Amino acid sequence: MRDQPTRDKARRDKPWIFRTYAGHSTAAASNALYRKNLSKGQTGLSVAFDLPTQTGYDSDHPLAKGEVGKVGVPISHIGDMRMLFDGIPLHEMNTSMTINATAAWLLALYVALADEQGVARKTLQGTTQNDIIKEYLSRGTYVFPPAPSMRLTKDVILFTTKEMPKWNPMNVCSYHLQEAGATPVQELAFALATAIGVLDAVKASGQCAPEEFGDVVGRISFFVNAGLRFVTEVCKLRAFTELWDEITRERYGVTDAKQRLFRYGVQVNSLGLTEQQPENNVARILIEMLAVTLSKGARARAVQLPAWNEALGLPRPWDQQWSLRMQQILAYETDLLEYGDVFEGSPAIAAKVAELKQAAKEELAQIEKMGGTVAAVEQGYLKQQLVESNSRRVEAIERGEQIVVGVNRFVETEASPLADAAEAVVTVSPEAESGQIERLAAWRDARDAKAVAAALEGLGKAAKTGGNIMPPSIACAKAGVTTGEWGFALRAAFGEYRAPTGVGTAMRNDAEGLDDIRAEVDRVSKKLGRRLKFLVGKPGLDGHSNGAEQIAARARDAGMEVVYDGIRLTAEAIVAAAAEKRVHVVGLSILSGSHMPLVQDVVARMKEAGLDDVPVVVGGIIPPQDASVLKNAGVAEVYTPKDFELNRIMSDLVRIVEGAVRGE
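Residues numbered from 1 in each chain as written. Predicted model: local features only at pLDDT ≥ 70, side-chain atom pairs only at ≥ 80, totals over all residues. Heavy atoms only, no water.

A. A look at the layout of surface pockets. Empty space within the second largest pocket amounts to approximately 980 Å³. Those elements that place two or more of their residues in the lining of the second largest pocket are strand E1 (17-19), strand E4 (94-98), strand E5 (125-128), helix H9 (213-219), strand E8 (220-224), helix H10 (230-250), strand E9 (264-267) and strand E10 (302-304). Its residues assigned to classes, the lining of the second largest pocket comprises 15 nonpolar, 15 polar and 14 charged. (1 Å grid on protein atoms, 1.4 Å probe; cavity = no way out; pocket = protein on both sides within 12 Å on 5 of 7 lines; lining within 4 Å. Points joined across faces, edges and corners; volume = space filled by probe spheres on them. Helix = DSSP H or I, 4+ residues; strand = E, 2+ residues; numbered from the N terminus. Nonpolar A, V, L, I, M, F, W, Y, C, P; charged D, E, K, R; others polar.)

B. Structural view of the packing of aromatic side chains. The final tally for this structure, using the stated rule, is 18 aromatic pairs. On the basis of an interplanar angle of 80° and a centroid distance of 5.6 Å, the ring pair of Phe 144 and Phe 494 is categorised as edge-to-face. Note that Phe 144 is positioned in the loop between helix H5 (133-139) and helix H6 (146-163) and Phe 494 in helix H19 (residues 483-494), a separation of 350 residues in sequence. Across the pair, Phe 494 and Phe 144 agree in class, each one buried. Ring geometry for Phe 213 and Tyr 252: centres 5.5 Å apart, planes at 50°, overall tilted. Note that Phe 213 is positioned in helix H9 and Tyr 252 in the loop between H10 and E9, a separation of 39 residues in sequence. (Phe/Tyr/Trp six-rings, centres within 6.5 Å; stacked < 30°, edge-to-face > 60°. Buried < 20%, exposed > 50% of the residue type's maximum accessible area, 1.4 Å probe, protein only.)

C. Quick peek at a nonpolar patch on the surface. Nonpolar side chains collect at one region of the surface, where Ile 403, Val 405 and Phe 410 lie side by side and expose about 270 Å² of accessible area between them. Of note, Phe 410 is situated in the loop between helix H15 (381-399) and helix H16 (430-446). (Patch = residues over 30% accessible without salt bridge, like charges linked within 9 Å, V, L, I, M, F, W, Y side chains within 5 Å. Areas by Shrake-Rupley, 256 points an atom, 1.4 Å probe, with all protein chains shown as cover. Salt bridge = Lys/Arg side-chain N within 4 Å of Asp/Glu carboxyl O.)

D. Layout of the pairing of E4. Counting buried residues along E4, five of its five residues qualify, which places the element largely inside the surrounding structure. Alternating positions in E4 separate into two faces, Asn 94, Ser 96 and Thr 98 on one and Thr 95 and Met 97 on the other, with burial throughout. One ladder, built from four bridges, connects strand E3 (residues 45-48) with E4; its direction is parallel. Paired with Ala 48 across the strands is Thr 98, a residue of E4. Both E4 and E5 contribute to a ladder of four bridges, which runs parallel. The partner of Met 97 across the bridge, within E5, is Thr 128. (Pairing = 2+ DSSP bridges.)

E. Spatial organisation of the sheet that holds E10. The five strands lie next to each other as E1-E10-E9-E8-E7, forming an open sheet whose pairing is parallel. Every other strand in the sheet has two partners, leaving E1 and strand E7 (170-173) as the edge strands with one partner each. Within this sheet the neighbouring strands show an average axis-to-axis angle of 20°, counted without direction. Note: E1 against E10, three bridges, orientation parallel. Its bridge partner being in E10, Arg 19 is matched across the sheet by Gln 304. (Axes fitted to C-alpha atoms, helices over the stretch in contact; angles between N-to-C directions.)

F. Local environment of the packing of helix H22 (residues 571-581) against helix H23 (residues 595-608). Between H22 and H23, the shortest axis-to-axis distance is 9 Å and the interhelical angle comes to 45°. In this view, H22 runs oblique relative to H23, as classed from their interaxial angle. As H22 runs across H23, the sense of the crossing is right-handed. Residue-level inspection shows Ala 571, Glu 572, Ile 574 and Val 575 of H22 in contact with H23, the latter providing Asp 601, Val 602, Arg 605 and Met 606. Taken together, the residues of the contact of H22 with H23 break down into five nonpolar, no polar and three charged. (Parallel < 35°, antiparallel > 145°, perpendicular 65-115°, else oblique. Left-handed = near helix turned anticlockwise from the far one by under 90°. Contact = heavy atoms within 4.5 Å.)

G. Summary view of H16. For H16, which comprises 17 residues, the first-to-last C-alpha distance of 25 Å matches the rise-based estimate of 24 Å (1.5 Å per residue) to within 8%. The complete set of buried residues in H16 reads Ala 432, Glu 433, Gly 435, Gln 436, Leu 440 and Trp 443. Buried residues of H16, seen end-on, are gathered within an arc of 165° and therefore sit on one face of the element. Turned more than 90 degrees off the buried face of H16, the exposed positions are Pro 430, Glu 431, Glu 438 and Asp 445. The elements touched by buried residues of H16 are helix H3 (78-84). (Expected span 1.5 Å × (residues − 1). Arc of directions from axis to C-beta.)

H. Main features of the sheet that holds strand E13 (residues 585-590). On the basis of which strands lie adjacent, the open sheet formed by five strands has the order E12-E11-E13-E14-E15 and parallel pairing. Since the sheet does not close on itself, it has two edges, and those belong to strand E12 (561-564) and strand E15 (637-639), each with one partner. Strand after strand, the sheet turns through a mean of 20° between neighbouring axes, direction not considered. Bridge count for strand E14 (residues 616-620) against E15 is three bridges, and the pairing is parallel. Within E15, the position partnered with Val 618 by the bridge is Val 638.

I. Structural view of empty space enclosed by the protein. In the structure shown here, the tally under the stated rule is six cavities of 30 Å³ or more. Lining the largest cavity are 18 residues, and of these Tyr 142, Ala 499, Pro 500, Ser 545 and Ile 567 lie nearest its centre. A total of five residues in the lining of the largest cavity trace back to one element, the largest contributor, which is H5. Broken down by class, the residue content of the lining of the largest cavity amounts to seven nonpolar, five polar and six charged. Lining the second largest cavity, in full, are Asn 100, Ala 101, Ala 103, Ala 104, Asn 130, Ile 132, Phe 144, Ser 149, Leu 152, Thr 153 and Val 156. Mapped by element, the contributors of at least two residues to the lining of the second largest cavity are helix H4 (103-117) and H6. Top contributing element to the lining of the second largest cavity by residue count: H6, with four residues. Per-class residue counts for the lining of the second largest cavity are seven nonpolar, four polar and no charged.

J. Just the side chain of Thr 153, in detail. Within the secondary structure layout, Thr 153 lies in helix H6. Setting aside residues no more than four positions away along its own chain, Thr 153 makes contact with Asn 130, Ile 132, Met 170 and Val 198.

K. Region of interest: the pattern of salt bridges. Inspection of every chain in the model, using the stated rule, returns 49 salt bridges. Note that Lys 352 is salt-bridged to Glu 355, the shortest N-O span being 3.2 Å. Of this pair, Lys 352 and Glu 355 are both found in helix H13 (residues 347-369), three residues apart, which corresponds to roughly one turn of the helix. For Lys 352, a relative accessible area of 22% translates into the label partly exposed. With a closest N to O distance of 3.1 Å, Lys 631 and Glu 637 form a salt bridge. For Lys 631, a relative accessible area of 39% corresponds to the partly exposed category. With a relative accessible area of 18%, Glu 637 lands in the buried category. Residues participating in the shared-partner salt-bridge network are Lys 642, Asp 643, Glu 645, Arg 648, Asp 652 and Arg 655.

In structure tokens form, the structure reads like this:
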């Protein structure tokens, strides 16, 4: 006898795909981690690539210094790809690759490896994120301008639809939009606008037969975020599901209901993970997972969870295992998968879904009016909206209106035996970078230079003539071309791009609690003989710009003159700007774990340029021992995620500048 009509143990639903987002140091080290996680019951892989790989540089490029293997695995050529998947059967694996600007290249390497192993392309299952639009808005690993980047996305979609029918060529990624401060409405609208832009580009290309277009739509997937506002997040996912069904049916005329399904994977919110009382993150992660699993009608197809200590650094295998076990306990020990949708028929849920859908439709209409998602990126509209919404979130936390347990309320705490333990996070050794560079040099020496040159010539020709980029990219992979060579061949064809920062120059009139700080800025500016000037710089390849944007915006609102030119600046460019603009203080923002070499490089160059009287402050995910080393090297102050009170940081900057004037 059943407990209720919607329950059926005999038809218990299959669980979602269990993943952990992983990769660091080297392909060999990452392979060992993948095999260990798979042995523990993980059912799919989610590959994290390092920043040089994500931005189309080889590991020995000057811009890659200090970044190799830090936030993911370095993949410079097919030899690295062989090592990454050694002993992992590609025909049995569901592989998600978080890669965007170089998505075509990493997929080409994967396909070339499958060909080499005799694995039929039509059997390959997995996903390339391949969502370049959100890179201009949040994550920052774009390379090329929006139009050619959309062309690459289109090429991957068309190629996989024909040759890899089980592959999802694109994860429309709203995850990073929420990390950049997007409201639920913005997450819905901006992600759906991206999907519309891509599908419109495929349709306009004339390279997809009308009878094949439904297959294209059916292979588009999404990658979303789930925050702590549990009911709102449940409703957001239900709204996503309904809106996607409506758009694909009404705009594109897709009649097959299966092709209109909103298929999504999820990583729950990392923005809300706290450095303070990090053990609280376990509860946050679990609650956020429930938002994307409880509602059967809008349940995730794949889930990957961060570890409790990711606000401190790279998690250990044990930390990732803990997050994997959370998924397995929910799927196998509870009765969740034996029931229908437990939210169906709820008036409160229905009302909230309708509210979100209406607001999202209004935002979509605004983006359409501007000329679509690419135009909205180029005009800076989308980025500005995210910076402003993130400012409101940060200010609400500072004022205590948005409670964060252990941060702005209930801060009294016992010492954490987990966070305070020795080797509580993984650190990537400098030898990982030097070893990768040595292997890369040996690879170049051993390959057929003529075959490489011919393959690159074919790639360049396709880029310039409009041919699909995938076949020549696969030929490049098989010839031994490197990631940097592929990237620079396309840079030569398409050029590079710097996206709008979203940080305006006008002071906000509605900013609260700044009167005293503005008075201090005015006082010190009079002493300086001109307005206090603050340079915010992001050295290296780290594209996580949220913190830098908020610091720049708050400094502007506090009355400082701000110099902020966006992401991925060289140390030389930062020092040159400091000299040219005659700034009084330099702030460096680095979240990739590469703070030691990058900060030391900037500080050394400032001394060489005669700017050693200009104080430097640093922000990022920086362990206490590294903070001490940086201060000993001349850094005036170090800030980490626990320093959430931006007004206090502004006061510190004024104090530091005044101290430098007095020679303290």
